Each structure stands twice: as structure tokens, then as C-alpha cells.
Amino acid sequence: MKILVSGGAGYIGSHTVIQLIAAGHDVVIVDNFSNSHPTVLGRLEALTGTRITLHSFDLTDHDKTEHLFASEDFDGVIHFAGHKAVGESVEKPLEYYENNLVSTFSLVRAMQRYDVDKLVFSSSATVYGEDQAAATEDRRTYATNPYGWTKVMQEQILRDVAVASPQMRFALLRYFNPVGAHPSGTIGEDPSGIPNNLVPFIAQVAVGKRDKLMIFGDDYDTVDGTGVRDYIHVEDLAAGHIAALKALETTDEAVNTWNLGSGTGTSVLQMLRAFEKAVGRELPYEIVARRAGDIATSYADPSKANAELGWGTQRTVDDMCADTWRWQSQNPEGFAG
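Calculation notes
- Here the residue numbering is sequential within each chain, running from 1 through the sequence in written order.
- In keeping with the predicted nature of the model, local features appear solely for residues at pLDDT of at least 70, side-chain atom pairs appear and are counted solely at 80 or more, and the whole-chain, interface and lining totals rest on all residues.
- Note that water and hydrogens are dropped before the side-chain values are worked out from all heavy atoms of the structure.
- The axes are straight lines fitted to the C-alpha atoms, using for helices just the contacting stretch, and the angles between their N-to-C directions are given from 0 to 180°.
- Only runs of H or I of at least four residues qualify as helices and only runs of E of at least two qualify as strands under DSSP, and these elements are numbered from the N terminus.
- By definition in this entry, angles of less than 35 degrees are roughly parallel, angles greater than 145 are roughly antiparallel, angles of 65 to 115 are roughly perpendicular, and the rest are oblique.
- Left-handed describes a crossing whose near helix is turned anticlockwise from the far helix through less than a right angle; right-handed describes the clockwise counterpart.
- Throughout, a contact is declared for two residues whenever any of their heavy atoms are within 4.5 Å.
- In this classification, the charged set is Asp, Glu, Lys and Arg, the nonpolar set is Ala, Val, Leu, Ile, Met, Phe, Trp, Tyr, Cys and Pro, and all remaining amino acids, among them Gly, are polar.
- Two rings from Phe, Tyr or Trp (for Trp, the six-membered ring) form a pair when their centres sit within 6.5 Å of each other. Planes less than 30 degrees apart are called stacked, planes more than 60 degrees apart edge-to-face, and all others tilted.
- Exposure is judged per residue with a 1.4 Å probe applied to protein chains only, and the accessible area is read against the type maximum: over 50% gives exposed, under 20% gives buried, and values in between give partly exposed.
- Charge over a ring is defined by NZ of Lys or CZ of Arg lying within 6 Å of the ring centre and within 35 degrees of the ring normal.
- Domain delimitation follows an automatic or database domain assignment.
- Computed with a 1.4 Å rolling probe, the buried area is the accessible surface lost when two parts are put together, summed over both parts.
- Two strands form a pair only when DSSP identifies at least two bridges running between them.
- Nonpolar cores are built from buried Ala, Val, Leu, Ile, Met, Phe, Trp, Tyr and Cys residues. Side-chain atoms within 4.5 Å join them into one set.
- UniProt positions are given in the numbering used here, feature names are shortened, and annotations may be inferred rather than shown by experiment.

Attention shifts here to the packing of helix α1 (residues 11-22) against helix α2 (residues 40-48). Relative orientation of the contacting elements α1 and α2 amounts to 30°, with a least axis distance of 10 Å. Comparing the axis directions of α1 and α2 gives the class roughly parallel. In this structure, α1 crosses over α2, and the sense of that crossing is right-handed. On α2, the residues that touch Ser14, Val17, Ile18 and Ile21 of α1 are Val40, Leu44, Leu47 and Thr48. The class makeup of the residues in the contact of α1 with α2 is six nonpolar, two polar and no charged.

Written out as C-alpha cells, the structure is:
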């Protein structure tokens, strides 16, 4: 199939592109590089041995989106594009609502106009609000920040479109905490500015870009008092997208929702110790006050995806840390280095 990957130059998108090509698909990327780097394309082509078509524009541009669909005969779409920082969304709510919703409107309208009927949507565990322990797909969705609400809203929009256009098939993939990197160390997570997530921050401490890790609270009701999260290797996550895309070819359900996670939680201190093992030395950290809005525990119940997609995580926390450190140590300045 010919698959359009929006945000395909980004962290999760780039790893998914590699697996799509390995599975025999023809891939086209659209990315405006607001949270990615143009040099990733050359690395993807080197890793896959394939020439990859890339269109550089913003999906909120309806005319360019229409032109793209008019010029290519797509069989399906995997939609990663969108703003994704929780804290920034609180500071810039209108920017988040406009970008994330309008890009999806533009994309789905073009799909309808050009008879593209399969969409895999990158959603998030944030749609479970504060009720993220052993979350199952039938749990009520809500959010605690504008970023999360854009995911809740986009999921609802796609459900409503499915009612109006019953020939369409949507996969809503709710994932938890993607970490890790391609085993080659060639591509990985390259956050702009100060990392919002734990593992890339630890990696930057390890490589000398940050002085120490700040751990926000050690008095939660968890194994060691620090927050517990469900971490999933980005390679396993990419495989989940391939499995979901395949499922859309045969499913009778217009909308399918699957959690992608390991089903187990790892605390901040446990992740730090695992990363120290990968690096081979202790890393400096400081316990500070809790952050507003943080919850104690978040982990998936992935049994539905395990059963219906034949998918499950294959890589351990130690694998995640080893692959992240390989990427970070080989690319201390990320893609700009």
C-alpha cells in the first residue's frame, strides 16, 4: 500500500516509516519540521536503502493538503502530526487547539474527497485524564490540559466522521511513554529546548548537556515514592502502528481503539538506575517538589491490542535505556550535530 505518514520526520513517525518500508509499503512523508529536523530524511533513506518522497508543509494549509492528495494515490494515512507538549499547551491553548484540530480537519476532508478510507491516529494516554492506572479502552475519556483535550476531541471527531462515512476505518492508538531509539543509533528522540519527558532528560544529563536530573516528588504512593509510568520502546510502538494498519484492511468495525503499552509501570528512580546501568556510572539528581498536575501512577492494560492485533511489547526497560544511550552518545547534539 502507499501510505502517507504525517509527522513522519518526527520521533515516532521516523521509526514507523522504517518499519512500513520493511513491511513492503510505499511511504510518503508530510512534515513541516516544527518539531523535527530535515536531516532525518537522509538517515531514513540510508537505513532503508529507499528513496523517500517528502513534502514539507503544514497540514493546516487546506490547499496544499488537497493538492497532495490529488497528486498521489494513497491507500491509507498514519497521522502523527501535531503539537504535543503538555506544559506548552497550558501556556498556548489556542495555538494547540487550532493546530491539532485544523490539521486533522484538513487531512480527513482530503481523505474523503479522494476516497482514502484508512487512518491510524496517534492518540495518547492523556485521554484517560487522572485515571490512568490499568486503563482499558472502555474507560471514560477526559483531559486535564489543552493538549489532552485536543486528543479527546480528535478521537470524537473521527468517531463522528465514521458515522457519516461508514466506509471509512479508523484506528485510535492510545500510547503511554515512548522511549528508546533505533538500534543502529542513527535516529532517536531529539527534543528541542529542555526535554519535557524523563528519559531524554536523563540522556542529556548523561551526555553532559544538563547538570542533573530533577525528580519531581518522592512522596507518591508508589514503590519508591517517585512517579510510575508505562514505558514502551519506540520500535515496539512503531510495530503497533503496522499491526493496526493491517487490521484496518479486514475489520468490520468503523472505529477501533487500542492501548499500546507494556502493562507494567516503572518508577522514575527505577528508570534512572536502569539508565545508569547502560551508561556505566551514577548520574546526578535532586529531589524537588511535585509538579502541578502530575499523577502518581500511569500504565496501560494492553490486553485488547495483544488479543486483536497479535501485538505485544518485545523490548525491556534495559533495552530502552541501552538504545537511547547509543543514540545520545553517538549524537550528543541530536540531528543538528
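This part covers the packing of aromatic side chains. Across all of its chains, the model carries four aromatic pairs by this definition. Summarising the aromatic geometry, the rings of phenylalanine 275 and tryptophan 325 are spaced 6.2 Å apart at their centres and angled 75° between planes, so their arrangement reads as edge-to-face. Linking phenylalanine 275 in helix α9 (residues 268-279) with tryptophan 325 in helix α11 (residues 317-330), this pair joins segments that are 50 residues apart in sequence. Neither phenylalanine 275 nor tryptophan 325 differs from the other in exposure class; each is buried. Here tryptophan 327 and phenylalanine 335 contribute two aromatic rings whose centre-to-centre distance is 4.9 Å and whose plane-to-plane angle is 50°, an arrangement assigned as tilted. When its relative accessible area of 2% is taken as the criterion, tryptophan 327 is described as buried. In this arrangement the basic side chain of arginine 290 is found over the ring face of tyrosine 220, its NZ or CZ atom lying 3.9 Å from the centre.

The next subject is the domain arrangement of the chain. It is common to give the size of an interface as the accessible area that goes away when the parts come together. As assigned here, the chain comprises domain 1 (2-179 + 232-260) and domain 2 (198-230 + 263-330). The centre of domain 1, based on its C-alpha atoms, is set 24 Å off from the matching centre of domain 2. Residue-level contacts link 25 residues of domain 1 with 23 residues of domain 2. Taken together, the two surfaces of domain 1 and domain 2 that pack against each other cover about 2100 Å², and 62% of this comes from carbon and sulfur.

Read from one edge to the other, the open sheet built from four strands follows the order β6-β15-β10-β13, with strand pairing classed as mixed. With one partner strand each, in any of the chains shown, β6 (133-135) and β13 (266-267) form the two edges of the open sheet.

The subject of this paragraph is unusual backbone geometry. A positive phi is found at phenylalanine 33, a non-glycine position, where the angle reads about 60°. Mapped onto the secondary structure, phenylalanine 33 falls in the loop between β2 (26-30) and α2. Even without being glycine, alanine 134 reaches a positive phi, approximately 50°. Relative to the assigned elements, alanine 134 resides in strand β6. Among the residues examined, alanine 134 registers a relative accessible area of 29% and is labelled partly exposed.

Counting residues in hydrophobic clusters, the biggest one holds 40 residues, and the most contacted among them are Val17, Leu20, Leu44, Val120, Leu173, Trp258 and Leu260. Elements that contribute at least two residues to this core include exactly β1 (2-6), α1, β2, α2, β7 (169-175), α8 (234-248), β12 (255-260) and α10 (303-309). Here this core takes eight residues from α8, the largest share from any one element. Structurally, this core is a two-domain feature, drawing no fewer than three residues from each of domain 1 (2-179 + 232-260) and domain 2 (198-230 + 263-330). For valine 120, the contacting residues outside a window of four places in its chain are Val77, Ile78, His79, Ala171, Leu173, His241, Ala244, Leu245 and Leu248.

Time to look at the UniProt feature "domain: NAD(P)-binding" (unreviewed entry) in the chain. In this numbering, the UniProt entry assigns the feature "domain: NAD(P)-binding" (unreviewed entry) to residues 4-324. For residues 4-324, the helix share is 40%, the strand share is 19%, and the end-to-end C-alpha distance is 27 Å.

Here we come to the sheet that holds strand β4 (residues 76-79). Think of a sheet as strands paired side by side through backbone hydrogen bonds, with each pair either parallel or antiparallel. Within the open sheet, the seven strands sit side by side as β3-β2-β1-β4-β5-β7-β12. Their pairing is parallel. Edge positions in the sheet fall to β3 (53-55) and β12, since each of these pairs with one other strand and no more. Sheet twist, expressed as the average angle between the axes of neighbouring strands with direction ignored, equals 20°. Pairing analysis gives three bridges linking β2 to β3, with the strands arranged parallel. Opposite valine 30, over in β3, you have histidine 55 as the bridge partner. Packed on one face of the sheet, helix α6 (residues 146-164) meets β4, β5 (118-124), β7 and β12 and runs near 155° to β5.

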